[in-house]
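In case you want the letters, here they are:
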2 protein chains.
Amino acid sequence: MANEWATFGADLHLELRGPRLRAGLMDALREAVRSGRLTAGTRLPSSRSLAADLGIARNTVADAYAELVAEGWLTARQGSGTRVARRTDPHRTETGRTRAGRTASGQAASARTAGGGRVAGSRFGGGGAAGGRVGGGGAAGVPGSAPPALPVLPRTPTPSYDLKAGTPDLASFPRAEWLKAYRRALADAPNEALGYGDTRGRAELRTVLAEYLARARGVHARPGRIVVCAGFVQGLALLGQVLRSRGVRDVAVESYGLGLHTGLLTGAGLGTPVLPFDERGTRVEELAGGEPGAVGAVLMTAAHQFPLGGALPPDRRTALVGWARSSGAFVLEDDYDGEFRFDRQPVGALQGLDPERVVYLGTASKSLAPGLRLAWMVLPEELVGEVVAAKGTDGGNALEQLALAEFIRSGAYDRHVRRVRLNYRRRRDQLVAAVAAHSPETRVSGIAAGLHAVLALPPGTEQATLRAAAWHGLAVQGVDQFRRPTVPPTLDGLVVGYATPPDSAWQGALEALMRVLP
Amino acid sequence: MANEWATFGADLHLELRGPRLRAGLMDALREAVRSGRLTAGTRLPSSRSLAADLGIARNTVADAYAELVAEGWLTARQGSGTRVARRTDPHRTETGRTRAGRTASGQAASARTAGGGRVAGSRFGGGGAAGGRVGGGGAAGVPGSAPPALPVLPRTPTPSYDLKAGTPDLASFPRAEWLKAYRRALADAPNEALGYGDTRGRAELRTVLAEYLARARGVHARPGRIVVCAGFVQGLALLGQVLRSRGVRDVAVESYGLGLHTGLLTGAGLGTPVLPFDERGTRVEELAGGEPGAVGAVLMTAAHQFPLGGALPPDRRTALVGWARSSGAFVLEDDYDGEFRFDRQPVGALQGLDPERVVYLGTASKSLAPGLRLAWMVLPEELVGEVVAAKGTDGGNALEQLALAEFIRSGAYDRHVRRVRLNYRRRRDQLVAAVAAHSPETRVSGIAAGLHAVLALPPGTEQATLRAAAWHGLAVQGVDQFRRPTVPPTLDGLVVGYATPPDSAWQGALEALMRVLP
């Protein structure tokens, strides 16, 4: 009877208050699928009967079903009704992302699971091992957790706190200041700004960015070498395409990183050999020993390794750029959170060491909000033409670009970064203190920077900790999800995105995290 | 002495009145480069001395130089000053687009060139023959005109009017109403809207679009089947990719159209066989006679053929959809200006005939502004998953999408479309009347709709007319630029984008056009 709807329907009913019925119903259904309470193939009741059960309009249910079919959670076939889909979809949607702070704080605190070994077969098998996605898909909820067909327990739905890395505190987005910048940008924009734009993006934004990046990150930028992109992923996809058509065979990547990024490179036809790492970070020295010319570029998070959290030491920075220079290769510098260093002034971007060999990639996704879809590349002279040609005629949204230009120009960007940096720093300090108090076996590793920290766990405890987190409704990822498949598993840890929750949910999230640490 | 600045500076001075000095200076400099009056390598005076010459602030000059460097018109190197760049850039900027109506009306009216045959070699050779781009590059000014290094004549700079098709009147963009919608959208947006979004775009926009498209264009749309894109080109590129990976070999295209679009399809590895046309439009009947299964889709501008201007007659609409249904193929319906029918209610979209075989593609680029980079596809159920997977994690800019949703929801979109439709209709009527009065040999062809009309010219006069237009500083394109390379040249005509100029320049543009007609 685990698939029996009636029980679940009654359970759901508790959640369906407030005006946003359809969205609430969809969230409840997603959560039920994610948690395993509704398993693949389960037939849902007709929209008519569920609507009657829940006391809501039939259309509300029908629309929710249709949306969830479109999102891949459900399937609908004539004659066989609406069923829970098998989760083999190649596309995952973001709408499944849990919203931190929506429900009450955790009530199932007593259910902590004990330690426990790794599941031996889980590393290389199936679909989950080839690098997790942060800020990419989200529908799968807490990866690696989904308990198969949990019995339907008479408890309130799982509270959810989101400590997945990759997203800033969206509640801190400076709406009033942004609107002010947008209003001024719209008022000042020449008519031609509303036309088909420069493929590189608005000159106003590129001009302001050139100045800002020089000042904040030591980047040598001229407006003509900047290309504005719809997020880092568009930039990386374009670079992959350009490098491939230049005859580059391989782009080396770090031992840990986002599978989404290597996927973009392999999608462009490139190999992605993995650089080893040691306690000082990525061993860029290995590049010199490779087959000459084979590796045409390296994708690096030099200022703050993602996710492990180290900064590439000075001698390796020098060696990396030296290798690029002597071999004619490029460094693709993913400077995703370069503005957020808490302990001291951030080290300048690698790009400053050699603007002709380093492609600098920055983004507003961490400093402001991913929903703006605004990122930028500063390109070596020799790549500008090819990247622009690959980008085609898409100059991006002109008004948002002009708004960002005005936002930076007016000083609002600096003020915002300072404000959220203080807040993230405070959260990180609280995390460090809480870990020291609650889990002496756990160590916060990496530099004091960015929007996330790695909690190094006692060997062999990562999977059990993740299971405990899932049980407590805490969305958090393990370092193993970011390990490239060929890298031997040697670390146990949690990647804690302390920036992710809104202020109102931060304490609850931190408490939930403490409950699940070994 | 053709490179001597002083002469040019004095000449410029005539143009530099009014408050928008920097923009005016930039236009003047671009025009001087474009026309050949300033040749590659010419060193410009220092910003200080030019500012003194012109009696304007030094910063104004310095800013204009910096912008033009960013745009690729000039180069600046330490020690060698600011020089005119070599125009070998593979990327062209849009900012070089001539701004219609900025200068006084044409004075060189007496210089009309007589008729004259086509340049025989110009059809298939070089880069220009494979279909022109509208709204793509623009920096080259009037195509085919640029006279090499004109002597510096003691006349005012060439006036420029822009009647190239593809852009609405950007001065009519409803800035106040748009800001209102944006403000409300930003105030109402949930925090999660600022995160990584649904790949299909915001649900709010898709919901509003589903209702609007059903009402305005007879499209059968459900929000789950709509995918919001950064312009039509992103949509078409995605469809090309998906069709190719489904094993489709060819996507048929019309005899006349945008080379940019066929380029996107061939870039995805697809063949683009050309459908013949006759006086009733594209001969879709030919599809039935082809090799079965070879053509997997057809790209069609059914409501208003671009650029020729006809509407696909009812029997051919039926035949086209019938062919798609019986062969399992798709029709890609490019409904770029479907809201602009002047003579009667527009015929509904083809998609209404069979939503499972027709992909509907609409855009805000003609109804509002291309700079918004907002377009949408309504997909057959079977394509949704693949298109979403191909689109990856890019959900587009959330705030602009929410603003458009609010703009439509509030009725502002309908009001705007009605307003500009009346204006374009009036302009088209004036064009028809002027042609009848001034050029009895010329005929306005196509239906009364859209943002452009085709003026059918006497046989053999197109190239000479284009040369005359260039001489008069009138940017306009011939139908030959839109002819697929394999289609025999049988039409002579001008594609007149009467929507392009602002109101203030429309009369001048129309007069200039009349002067160049045979």
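Quick caveat: nothing in here was measured; it's all calculated off a predicted structure.

> Teacher, can you tell me more about helix H13 (residues 412–438) of chain A here?
In an α-helix there are 3.6 residues to a turn, and that puts residues three or four apart on one side. Taking 1.5 Å as the rise per residue, H13(A) with 27 residues should run 39 Å; its terminal C-alpha atoms sit 39 Å apart, in good agreement. All of the buried residues in H13(A) are A:Ala412, A:Tyr413, A:His416, A:Val417, A:Val420, A:Asn423, A:Tyr424, A:Arg427, A:Arg428, A:Leu431, A:Ala434 and A:Val435.

> Help me out: how do you make sense of the interface of chain B and chain A in this one?
In many analyses, interface size is given as the accessible surface area lost on bringing the parts together. In this complex, chain B contributes 65 residues to the contact, which on the side of chain A involves 64 residues. Both faces combined, the contact of chain B with chain A buries some 5300 Å², and carbon together with sulfur accounts for 58% of it. Per-residue buried area on chain B facing chain A is highest for B:Arg175, B:Leu194 and B:Tyr196; these three make up 16% of the total on that side. Joining chain B to chain A, the criterion identifies zero salt bridges.

> Explain the packing of aromatic side chains here, please?
Any aromatic ring pair is given by two values, namely how distant the centres are and how the planes are angled relative to each other. Residue and element names in this part refer to chain B. Scanning the model with the defined rule gives 17 aromatic pairs over all chains in all. Seen in terms of ring centroids, Phe306 and Phe482 are 5.6 Å apart; in terms of plane orientation they differ by 90 degrees. Their pairing is edge-to-face. Taken together, the positions of Phe306 in the loop between strand S8 (295–300) and helix H10 (314–327) and Phe482 in the loop between strand S15 (477–478) and strand S16 (493–496) put the pair 176 residues apart, joining distant regions of the chain. Phe482 carries the same exposure label as Phe306, and that label is buried.

> Quick question: what am I supposed to make of the sheet that holds S8(B) here?
Two strands in a sheet stick together by hydrogen bonds in their backbones, pointing the same way (parallel) or opposite ways (antiparallel). Residue and element names in this part refer to chain B. Here six strands make up an open sheet; going across it, the order is S4-S11-S10-S9-S8-S5 and the pairing mixed. Both edges of this open sheet fall to strand S4 (226–229) and strand S5 (250–252), since each of them pairs with a single strand only. Taken pair by pair, the neighbouring strands of this sheet meet at an average axis angle of 20 degrees, ignoring direction. Looking at chain direction, S4 and strand S11 (residues 375–378) are connected through four bridges and run antiparallel. Each residue of the ladder has a partner; that of Cys229, found in S11, is Ala375. Helix-sheet contacts for H10 involve S8, strand S9 (330–334) and strand S10 (358–363), and the interaxial angle to S8 is about 155 degrees. Contacts between helix H11 (residues 381–391) and the sheet are confined to S4, S9, S10 and S11, with S4 contributing the most and set at about 30 degrees to the helix.

> Explain the relation of the copies chain B and chain A to me, please; I cannot follow it from the model alone.
What relates the pair of chain copies is a rotation about an axis plus a shift along that axis. After a rotation of 179 degrees and a shift along the axis of 1.6 Å, chain B superposes on chain A with an RMSD of 1.8 Å. The two molecules are tied by a two-fold rotation axis, judged by turn and shift. Most of the interface of chain B is mirrored in chain A, where 92% of its interface residues are also at the interface.

> Help me understand the sheet that holds strand S10 (residues 358–363) of chain A in this model?
Residue and element names in this part refer to chain A. Strand order in the open sheet formed by six strands is S4-S11-S10-S9-S8-S5, with mixed pairing between adjacent strands. Two strands in the sheet have a free side with no partner beyond their single neighbour: strand S4 (226–229) and strand S5 (250–252). Strand-to-strand twist across the sheet, computed as the mean angle between neighbouring axes with direction ignored, equals 20 degrees. Across three bridges, the pairing between S5 and strand S8 (residues 295–300) is parallel. Bridging from a neighbouring strand, Ala252 pairs with Val298 of S8.

> Looking at this structure, I do not really get the packing of helix H12 (residues 398–409) of chain B against helix H13 (residues 412–438) of chain B. What am I missing?
A pair of packed helices is captured by two measures, namely the crossing angle of their axes and the spacing between those axes. Residues and elements named next belong to chain B. Relative to each other, H12 and H13 sit at 75 degrees, their axes nearing to 4 Å. By the angle between their axes, H12 is roughly perpendicular relative to H13. Facing H12, whose interface residues are Leu404, Phe407 and Ile408, H13 presents Ala412, Tyr413 and His416. Tallied by class, the residues present in the contact of H12 with H13 amount to five nonpolar, one polar and no charged.

> Would you mind showing me how to read the packing of H13(A) against helix H15 (residues 503–516) of chain A here?
All names here are of chain A. One way to put it is that H13 packs onto H15 with a least axis distance of 10 Å and a crossing angle of 25 degrees. The angle between H13 and H15 falls in the class roughly parallel. When you trace H13 past H15, the crossing you get is right-handed. Contacts between H13 and H15 pair Asn423, Arg426, Arg427, Gln430, Leu431, Ala434, Val435 and His438 from the former with Asp503, Trp506, Gln507, Leu510, Leu513 and Met514 from the latter. Counted by class, the contact of H13 with H15 contains seven nonpolar, four polar and three charged residues.

> Mind showing me how you'd approach the pairing of S9(B) here?
For a regular strand, the rule is simple: side chains alternate between the two faces of the sheet. Residues and elements named next belong to chain B. In terms of burial, S9 is largely enclosed, as five of its five residues are buried. Here S9 shows a buried face lined by Phe330, Leu332 and Asp334 and a second buried face lined by Val331 and Glu333. In terms of strand pairing, S8 meets S9 through four bridges, oriented parallel. The residue of S9 that forms the bridge with Ala297 is Phe330. Sheet topology places S9 next to S10; four bridges connect them, and they run parallel. Bridge pairing in S10 places Glu333 opposite Tyr360.

Rules of the game
- Starting from 1, residues in each chain are numbered consecutively following that chain's sequence as written.
- Here the convention is simple: chains get letters from A, ligands get numbers from 1, in the order in which they are written.
- Only residues with pLDDT of at least 70 are given local features in this predicted model, and only at 80 or more are side-chain atom pairs given and counted; all residues enter the totals for whole chains, interfaces and linings.
- Only hydrogens and water are removed before side-chain values are computed, so all heavy atoms of the structure are retained for them.
- Helical segments are the DSSP runs of H or I of at least four residues, strand segments are the runs of E of at least two, and each set is numbered from the N terminus.
- Expected helix span is taken as 1.5 Å per residue step, with the number of steps being one fewer than the number of residues.
- Residue burial is assigned from relative accessible area. The probe radius is 1.4 Å, only protein chains are included, and a residue is buried under 20% of its type maximum, exposed over 50%, and partly exposed in between.
- Should any heavy atoms of two residues lie within 4.5 Å, those residues are considered in contact.
- By buried area we mean the combined loss of accessible area, with a 1.4 Å probe, across both parts when two parts are placed together.
- Salt bridges are defined as contacts in which a side-chain nitrogen from Lys or Arg sits within 4 Å of a carboxyl oxygen from Asp or Glu.
- Planes of paired rings set the category: under 30 degrees apart is stacked, over 60 is edge-to-face and the rest tilted, where pairs are Phe, Tyr or Trp rings (Trp by its six-membered ring) whose centres lie within 6.5 Å.
- Between any two strands, at least two bridges found by DSSP are needed for them to pair.
- Simply put, an axis is a line fit to the C-alpha atoms, just over the touching stretch for a helix, and the angle between two N-to-C directions goes from 0 to 180 degrees.
- Each copy is superposed on the other by least squares, with the fit set by C-alpha atoms of residues at a pLDDT of at least 70 in both.
- For classification purposes, an angle smaller than 35 degrees is called roughly parallel, one larger than 145 roughly antiparallel, one from 65 to 115 roughly perpendicular, and anything else oblique.
- Gly falls in the polar group here, along with every residue not listed as nonpolar (Ala, Val, Leu, Ile, Met, Phe, Trp, Tyr, Cys, Pro) or charged (Asp, Glu, Lys, Arg).
- Each helix crossing is assigned a hand: it is left-handed if the near helix lies turned anticlockwise from the far helix by less than a right angle, otherwise right-handed if that turn is clockwise.

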